[in-house]
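Letter by letter, the chains look like this.
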Amino acid sequence: MKKKKYIMRTIKILSLLLVLVTCVWFLQEFVLCHADHNRERIKGFYLEDKDSIDVVIIGASEVYSAFSSCYAYEKFGYTSYPLATQSNIITNYKTQLKSAVKQQHPKLIIIELNGVLYGRDQDLEKEANFRNYADNIPLDGDKIELISSYAPENELEYYLPIIKYHSLWDDFPKGFKWNLSIIQDRLRGYNYLKGAKSQTKIYNNKEKIYNDELKNNYTKNLLNKKSEQEFRDFLEYCKSENLNNIVFVRFPHLVVKSTLNRFYRGNTAEEIINEYGYDYINFERNFSDTGLDKNTDFYNVEHLNIYGQKKFTEYFGKYIQDKYNITKSELTPSQKEEWDTCVKYYDAFSKYNISLIENKEFKEVGEDYKNIKEIQKFL
Amino acid sequence: MSYTSLNFLFFVIGTMLVYFLFPIKKHKWVVLLIASYVFYLFAGYKYVAFILFTTLSTYIIALWIEKISESSKLNIKQHKDQWSREDKKKYKEKIKKVKRLVMALALVLNFGILAFLKYYNFFSGSLNDIFGSFGMSFSMPTLKLFLPLGISFYTFQSMGYIIDVYREKTPAQRNPFKFALFVSFFPQIIQGPISIYDSLAHQLYESHSFDFTRFKYGAELILWGLIKKMVIADRAVIAINTVTAEYNSYGGTALTFTILLYALQLYADFSGGIDISRGVAQIFGIDMMENFRRPYFSKDINEYWRRWHISLGNWFKNYLFYPLAMSSLFLNTSKKIKSTKFGSTVAGTHIAKVLPTSIASFIVFFIVGIWHGAYWKYVGFGIWNGGIIMLSVLMKPVFEWCHKKLHINPKTALYTVFQILRTFVVVLVGYVFDVAPSFKQAINTFVLFFTDQNLSVGRSQISNLGLDKKEYLLILAGAVFIFIISVIQERHNKTTIRSMLDQKPFIFRWFAVFAGIIMLVVFGVYGSGFNAADFVYMQF
């Protein structure tokens with residue numbers, strides 16, 4: 001009798017704990033979290049079928065604003081994914097690379113250099129730059145290693161982000177449009193735009209653009225000490241793992257006075273890349289080859305708008321197809337259907353962007369619930 | 001290690017496992033002693049010397065006092081036939097003096113340390129000001145002093161024990177380690193309650209087995225305490241700290257609002273902390289005394305102090321108020337008044353009767369004020385509370401006369417509500433001294449209450465105190481919730497909410513617990529964006 005009582009009591013307590021853990025998990029995952037395009041993109045990467053992505057691009061915001069995976073698939077037939085987050089830092093690159101290899105065994109891995117080129121320690125150490133990626137990846141050995149490498153003061157908050165974000169109830173329903181979209185992605189099994197994002201603006205500041213003058217400029221500025229160390233560690237890792245399908249790229253930016261030093265740091269990074277024997281393409285230097293127009297194709301000096309995104313995707317997509325022999329992806333019928341849907345959505349996304357630009361309506365267009373509703377009107 | 005931290009949760013769980021699985025039942029208390037010292041070491045190793053000194057000095061002096069008592073009794077017994085009644089009386093008087101001297105040694109040593117650490121800089125600063133105002137160049141140095149964790153609480157508790165041993169109310173503890181546990185028991189070290197040896201010690205030393213009902217009740221009390229502390233108090237303190245940081249820039253309306261908010265914050269913080277302490281102790285099978293009984297429902301200020309920080313009130317009542325009120329000085333004063341012409345009048349008889357107690361009350365509250373901190377504003381706090389109590393006792397016949405003349409029935413519900421509100425306002429006035437950064441600013445606040453009430457300015461200032469509308473609404477909801485719970489508790493004085501909850505169906509009970517936890521997780525103020533506010537009474 002007593003035994004039965006104890007068993008019942010244990011079952012009750014365990015049930016309460018289970019319900020409690022489930023609720024807290026739900027709150028952490030879908031309600032009290034920092035939900036934005038970064039989360040949607042990174043979560044989307046882990047929704048992709050294993051070994052179905054042929055090209056993975058690691059980097060920061062210039063990646064998903066300059067290159068569209070859906071458009072590249074439409075034009076060249078191979079699958080790709082931007083494993084990129086806003087202001088991504090070199091600290092994250094190794095884990096991103098590991099995830100890319102583990103999940104997809106891609107034919108080509110492109111590393112955009114922005115995360116290496118920050119000049120100040122504070123940019124490298126900025127919590128948000130780290131969390132944009134770290135908060136959104138599944139908990140495994142790599143995540144634990146990543147968090148300890150960042151060595152945060154409140155480590156527990158990185159494993160249980162609800163400690164950090166629980167006060168967001170106050171912001172509700174601000175992040176809800178993203179959470180809803182993330183839930184829909186999860187139910188659907190993929191995201192429509194593969195993380196692409198843009199702003200409906202044309203950059204028209206009159207400041208001096210230096211790109212054409214820099215074609216043969218190899219002036220070097222020192223990399224940030226910490227960045228260089230982490231970058232060398234990263235390259236060592238690539239070598240030690242015999243990862244030869246990696247190419248380093250500097251995506252197109254308009255180099256202005258305030259970003260000249262960064263360009264010079266890029267030259268130093270190029271030298272280091274050469275030391276390790278990897279390819280490097282600098283589209284700040286070879287800007288004119290891409291066919292981009294600095295008067296129409298940027299929404300600011302760092303990012304391409306929808307016109308630039310399509311132009312650069314066509315140019316760079318073809319470039320890697322030819323140079324690295326990236327052929328059409330072999331997909332199952334359901335995967336093919338998924339990508340065809342994505343192509344349609346990207347087309348609608350593009351039309352929506354253009355209509356807003358033409359109407360001079362400034363907006364950030366990503367894959368959140370509200371924007372998807374608008375994009376669907378152009379399908 | 002804060003009571004609201006995850007570390008403390010793990011610490012309690014770990015201690016619980018070791019305690020309940022400890023194989024030697026007789027020595028289970030050793031687990032609590034070790035846990036208490038581990039907890040104390042977390043606060044800083046340098047503090048341990050102070051608690052050890054208090055423990056050892058109190059332990060030795062209590063034994064000494066007891067030895068004097070025992071040997072004197074034996075001596076009297078041995079000289080039963082030789083000594084006259086007069087001799088015995090003289091001998092007893094002499095022994096009493098010696099015992100009192102020994103007890104005084106303990107009091108001076110321990111209260112001396114407390115007073116030095118807490119008040120040295122206050123007195124040196126004040127003296128320097130006085131000397132300075134007379135143009136004298138003498139200056140006492142300011143020292144960098146720190147207050148060891150819980151020093152007030154364990155000093156008061158230990159000194160209560162010494163006085164009880166002196167009064168032969170309790171035998172001295174012979175085991176120094178057992179006594180060390182009484183002084184350092186970790187759930188009460190931060191902010192009390194200040195327990196009496198007789199009611200706590202035997203519980204600490206007994207062996208307790210795991211009891212699910214106790215565990216459940218204890219855990220529920222901890223949860224309730226955490227909600228009060230983390231959802232309400234730690235949120236409200238953000239606005240209060242914003243005001244105190246730039247006190248002079250706020251008008252009367254914002255300050256009125258801040259004082260009201262402080263009343264809620266202080267209650268939620270302190271009673272929340274005590275609930276956590278009592279809940280943890282309950283899990284270990286130890287019942288600690290209640291420290292709050294809905295103080296804001298008090299009908300007069302005397303009652304308020306019987307419901308607020310009950311253990312401190314009891315301490316002062318037992319060890320200061322009664323000795324003062326019953327002292328020959330006070331009793332003689334009463335007699336002297338009675339013997340005068342004025343003493344034969346109605347007013348004189350009343351004053352002769354209540355003056356000793358009212359002066360004793362005033363002195364007690366003056367000391368309670370200073371106990372809160374070494375600042376003139378706390379002197380003001382003590383004088384205000386003591387003064388009001390003194391006046392209320394002395395003026396009682398006048399109030400009764402007024403009731404009669406105005407045909408007021410003090411037993412009606414409406415009048416009760418009036419009394420509660422009146423007491424609350426009196427308490428709020430006292431809180432002004434607490435919130436204001438200085439005595440001068442406290443006085444200025446009273447002026448602003450009457451001269452600077454401006455709703456639109458107040459509203460704009462209140463909206464810039466670091467909390468938004470939703471958070472104020474949450475605080476309001478919390479206050480309403482506490483009020484409802486308090487009304488239920490007040491109506492069912494003998495039963496706890498937890499035992500009432502226990503009568504409800506399983507689903508209801510677990511939903512309540514579940515909702516409480518989720519509320520804490522979602523609405524609690526914690527995490528790296530926020531520095532956990534220390535419990536307010538920890539600083540005292």
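Residues numbered from 1 in each chain as written. Chains lettered and ligands numbered in written order. Predicted model: local features only at pLDDT ≥ 70, side-chain atom pairs only at ≥ 80, totals over all residues.

Regarding the overall build of chain A
Along chain A, the regular secondary structure elements total 16 helices and seven strands. In terms of C-alpha radius of gyration, chain A reaches 22 Å, essentially the compact-globule figure of 21 Å for 379 residues. On the principal axes, the C-alpha backbone points of chain A span a range of 90 × 50 × 45 Å. The long-range share in chain A, meaning contacts at least 24 apart out of those at least 6 apart in sequence, stands at 84%. (Helix = DSSP H or I, 4+ residues; strand = E, 2+ residues; numbered from the N terminus. Rg over C-alpha atoms; globule rule 2.2 N^0.38 Å. Contact = placed C-beta atoms within 7 Å.)

Here's the deal with the overall build of chain B
When you go through chain B residue by residue, the secondary structure sums to 22 helices and zero strands. The C-alpha radius of gyration computed for chain B amounts to 26 Å, which stays within 12% of the reference 24 Å derived for 540 residues, consistent with globular compactness. By its C-alpha atoms, chain B is 85 × 70 × 60 Å across when sized along the principal axes. Sorting the 540 residues of chain B into buried and exposed places 34% on the buried side. (Buried ≥ 20, exposed ≤ 12 C-beta atoms within 10 Å, placed from the backbone.)

What to know about the pairing of strand 6 (residues 279-282) of chain A
Residue and element names in this part refer to chain A. As paired strands, strand 5 (residues 246-250) and strand 6 are joined by four bridges and run parallel to one another. Residue Val247 lies in a different strand from strand 6, and its bridge partner there is Asp279. Since strand 5 and strand 6 lie parallel, the crossover through helix 13 (residues 260-275) that links them has a hand, and here it is right-handed. (Pairing = 2+ DSSP bridges. Right-handed = clockwise from strand over helix to strand, strands pointing away.)

Some details on the environment of A:Met8
For A:Met8, the location among the structural elements is in helix 1 (residues 2-31). When the 10 C-beta atoms within 10 Å are taken as the criterion, A:Met8 is described as exposed.

Concerning the domain arrangement of chain B
Residue and element names in this part refer to chain B. For chain B, the assigned domains read domain 1 (12-210), domain 2 (211-292 + 453-540) and domain 3 (296-435). One C-alpha centre belongs to domain 1, the other to domain 3; they are set 29 Å apart. The interface is formed by 12 residues belonging to domain 1 together with seven residues belonging to domain 3. Counting only elements with at least two residues in the side of domain 1 that touches domain 3, the list comes to helix 4 (85-133) and helix 5 (151-166). (Domains from an automatic or database assignment.)

Section: the pairing of strand 2 (residues 80-84) of chain A
All names here are of chain A. Most of strand 2 sits inside the fold, with five of its five residues counted as buried. With burial as the criterion, each face of strand 2 is covered, one bearing Ser80, Pro82 and Ala84 and the other bearing Tyr81 and Leu83. Strand direction decides the pairing type here: strand 1 (residues 55-59) and strand 2, joined by five bridges, are parallel. Paired with Ile57 across the two strands is Pro82, which belongs to strand 2.

Thoughts on the packing of helix 10 (residues 252-283) of chain B against helix 19 (residues 455-462) of chain B
Residues and elements named next belong to chain B. At their nearest, the axes of helix 10 and helix 19 sit 7 Å apart, and the two run at 55° to each other. The orientation of helix 10 relative to helix 19 falls into the category oblique. For the pair helix 10 and helix 19, the crossing hand works out as right-handed. Each of Thr253, Ala254 and Phe257 in helix 10 lies in contact with helix 19, whose residues at this interface are Leu455, Val457, Gly458, Gln461 and Ile462. Looking at the contact of helix 10 with helix 19, its residues break down into five nonpolar, three polar and no charged. (Axes fitted to C-alpha atoms, helices over the stretch in contact; angles between N-to-C directions. Parallel < 35°, antiparallel > 145°, perpendicular 65-115°, else oblique. Left-handed = near helix turned anticlockwise from the far one by under 90°. Nonpolar A, V, L, I, M, F, W, Y, C, P; charged D, E, K, R; others polar.)

Here we look at the nonpolar core
Within the largest apolar cluster, 114 residues are counted, with the highest numbers of intra-cluster contacts made by B:Leu32, B:Ile162, B:Phe182, B:Leu204 and B:Ala236. Element by element, the count of residues in this core is highest for helix 10 of chain B, at 16 residues. Discounting chain neighbours no more than four positions away, the residues touching B:Phe182 are B:Tyr197, B:Leu200, B:Ala201 and B:Leu204. Counting 76 residues, the second-largest nonpolar core is a separate cluster that includes A:Phe45, A:Leu223, A:Ile273 and A:Ile372. (Core = buried A, V, L, I, M, F, W, Y, C linked by C-beta atoms within 7 Å.)

Section: the interface of chain A and chain B
By convention, interface size is frequently given as the accessible area that disappears when the constituent parts associate. Taken together, the contact between chain A and chain B spans 17 residues of the former and 15 residues of the latter. Where the side of chain A that touches chain B is concerned, the elements lending two or more residues are helix 1 and helix 10 (162-165) of chain A. A total of seven residues in the side of chain A that touches chain B trace back to one element, the largest contributor, which is helix 1 of chain A. For the side of chain A that touches chain B, the per-class residue count stands at 10 nonpolar, three polar and four charged.

Here's the deal with the environment of B:Tyr45
Residue and element names in this part refer to chain B. Looking at the element boundaries, Tyr45 is found in helix 3 (residues 45-78). Classification of Tyr45 as exposed rests on a count of 9 C-beta atoms within 10 Å. When the C-alpha atoms of Tyr45 and Pro148 are compared, they prove to be 10.0 Å apart, with 103 residues separating the residues in sequence.

Some remarks on helix 7 (residues 127-134) of chain A
Residues and elements named next belong to chain A. Counting buried residues in helix 7 gives six out of eight residues, a clear majority hidden from the surface. All of the buried residues along helix 7 are Asn129, Phe130, Arg131, Asn132, Tyr133 and Ala134. Close packing links the buried residues of helix 7 with helix 2 (37-47), helix 5 (90-104), helix 6 (121-125), helix 8 (141-150) and helix 9 (156-159).

Points about the packing of helix 4 of chain B against helix 5 of chain B
Residues and elements named next belong to chain B. As a packed pair, helix 4 and helix 5 sit with axes 10 Å apart at the nearest point and diverge in direction by 175°. Taken together, the axes of helix 4 and helix 5 lie roughly antiparallel to each other. Contacts between helix 4 and helix 5 involve Lys99, Met103, Ala106, Leu107, Asn110, Phe111, Leu114 and Leu117 on the former and, on the latter, Ile151, Ser152, Thr155, Ser158, Met159, Ile162, Ile163 and Tyr166. In terms of residue class, the contact of helix 4 with helix 5 is built from 11 nonpolar, four polar and one charged.

Considering the sheet that holds strand 6 of chain A
Residues and elements named next belong to chain A. The strand order across the open sheet built from five strands is 2-1-3-5-6, with neighbouring strands paired in parallel fashion. Among the strands making up the open sheet, the edge pair consists of strand 2 and strand 6. When the angles between neighbouring strand axes are averaged without regard to direction, this sheet yields 20°.

Remarks on unusual backbone geometry
Phi is positive for A:Ser87, which is not a glycine, with a value near 50°. Residue placement: A:Ser87 occurs in the loop between strand 2 and helix 5.

What to know about the environment of B:Lys353
Residue and element names in this part refer to chain B. You can see Lys353 is positioned in helix 14 (residues 346-372). A count of 14 C-beta atoms within 10 Å places Lys353 in the partly exposed class. Between the C-alpha atom of Lys353 and that of Phe11, which follows or precedes it by 342 residues, the distance is 53 Å.

Topic: helix 1 (residues 6-21) of chain B
Residues and elements named next belong to chain B. The end-to-end C-alpha separation of helix 1 is 23 Å, in line with the 22 Å expected for 16 residues at 1.5 Å each. For helix 1, the set of buried residues is Val12, Thr15 and Tyr19. The arc that holds every buried residue of helix 1, seen down its axis, measures 70°, which confines them to one face. In helix 1, those exposed residues whose orientation departs by more than 90 degrees from the buried face are Asn7, Phe10, Ile13, Gly14, Leu17 and Leu21. Against the buried residues of helix 1 lie helix 2 (28-43) and helix 10. (Expected span 1.5 Å × (residues − 1). Arc of directions from axis to C-beta.)

What to know about the confidence of the model for chain B
Residue and element names in this part refer to chain B. The pLDDT averaged across chain B works out to 89; a share of 97% of its residues lies at or above 70. Averaged pLDDT values over the elements of chain B bottom out at 83 in helix 13 (residues 328-339) and peak at 96 in helix 6 (residues 176-184). We note a pTM of 0.82 for the whole complex and an ipTM of 0.75 for its interfaces. (pLDDT = per-residue confidence, 0-100.)

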